[in-house]
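Chain by chain, the residues:
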Amino acid sequence: MDFTDVISRPLEYVQSIIDKKLANSVSEGIDLSSSMVYGEKESMESYLADDMFSRQVPYLNKSSIGQIRNESLVRYRGLVQDIYNEEYYIGMYPKMNTSTGQTTMAVSKYRDYINDYNDGSDVAIGLDSDECRLVSRQPILFVPIPGETPWVDSYVNNENNT
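These figures come from a predicted structure and were not determined experimentally. (Residues numbered from 1 in each chain as written. Predicted model: local features only at pLDDT ≥ 70, side-chain atom pairs only at ≥ 80, totals over all residues. Heavy atoms only, no water.)

A.B. asks: Please explain the packing of aromatic side chains as it appears in this structure.
C.D. replies: In this description, an aromatic ring pair is defined by two values, namely the gap between the centres and the angle between the planes. For the structure on display, the rule yields 5 aromatic pairs. Where Tyr13 meets Tyr47, the ring centres are 5.4 Å apart and the plane angle is 85°; that geometry is what we call edge-to-face. On the criterion of sequence distance, the pair formed by Tyr13 in helix α2 (residues 10–28) and Tyr47 in helix α3 (residues 40–49) is long-range, its members being 34 residues apart. Accessibility expressed as a relative area gives 10% for Tyr13, which makes it buried. What makes Tyr47 buried here is its relative accessible area of 15%. Measuring from centroid to centroid gives 5.1 Å for Tyr47 and Phe53, while their planes differ by 40°, and the two rings are tilted. (Phe/Tyr/Trp six-rings, centres within 6.5 Å; stacked < 30°, edge-to-face > 60°. Helix = DSSP H or I, 4+ residues; strand = E, 2+ residues; numbered from the N terminus. Buried < 20%, exposed > 50% of the residue type's maximum accessible area, 1.4 Å probe, protein only.)

A.B. asks: Quick question: what am I supposed to make of unusual backbone geometry here?
C.D. replies: If a residue is not glycine, its phi is most likely negative; likewise, a peptide bond is most likely trans. A positive phi is found at Glu71, a non-glycine position, where the angle reads about 70°. Mapped onto the elements of the fold, Glu71 is located in the loop between α4 (51–56) and β1 (79–83). With a phi close to 70°, Tyr110 is a non-glycine residue in the positive phi region.

A.B. asks: Would you mind going over the pattern of salt bridges with me for this structure?
C.D. replies: Using the criterion set out here, one finds 6 salt bridges in the structure. Put simply, Arg55 and Asp51 hold a salt bridge, and the shortest N to O gap is 3.1 Å. In this pair, Arg55 and Asp51 are both assigned in helix α4, 4 residues apart and thus about one turn of the helix distant. Residue classification places Arg55 among the partly exposed positions, given a relative accessible area of 31%. The class for Asp51 is partly exposed, based on a relative accessible area of 45%. The salt bridge involving Arg77 is made with Glu148; its shortest N-O contact spans 2.8 Å. Here Arg77, found in the loop between α4 and β1, pairs with Glu148, found in the loop between β6 (140–143) and α5 (150–160); they are 71 residues apart in sequence, far enough to count as distant. According to the relative accessible area criterion, Glu148 is partly exposed, its value standing at 32%. Through salt bridges with shared partners, a single ionic network connects Asp5, Arg9 and Glu12. (Salt bridge = Lys/Arg side-chain N within 4 Å of Asp/Glu carboxyl O.)

A.B. asks: Any chance you could explain the environment of Leu141 here in plain terms?
C.D. replies: Its location among the elements puts Leu141 in strand β6. Residue classification places Leu141 among the partly exposed residues on the basis of a relative accessible area of 29%. When the C-alpha positions of Leu141 and Tyr84 are compared, they lie 7.7 Å apart, and in sequence the two are 57 residues distant. In this structure Leu141 touches Leu79, Val80, Gln81, Asp82 and Tyr84, once residues within four positions along its chain are discounted. (Contact = heavy atoms within 4.5 Å.)

Right, dumping it as structure tokens:
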């Protein structure tokens, strides 16, 4: 994927990395379900280390709301106001194609919903299966920097667009 695709559809990019890793692990007989590490973090870090890529990632601020595609990669300048308690979610679950009977493992990492659930396709989700993996994440509340003047916002936007 090129820079624009990774910025506008980062979840698809990450999912492609996870899918490849899962497919390789099945063919090599490796169990990745306990670690939930697929190499997506390192891949995104390599993109973010590239200055050309970082400058293309848009800032999320009051003037950009409505102009940035949903589920896009964004930058945000702010302060941590609160760190909430861990939340638990199903990170990995089996899904079965009811037409063919083929079962594959699906990952819901980085999402707030279960993929393919009730989308009208012939897919059954095994949420009560022993293969489901419960994992946790740490929600953090960011707020805009208090008292920040418009010229700072203008400077930051110009600095990162040059």
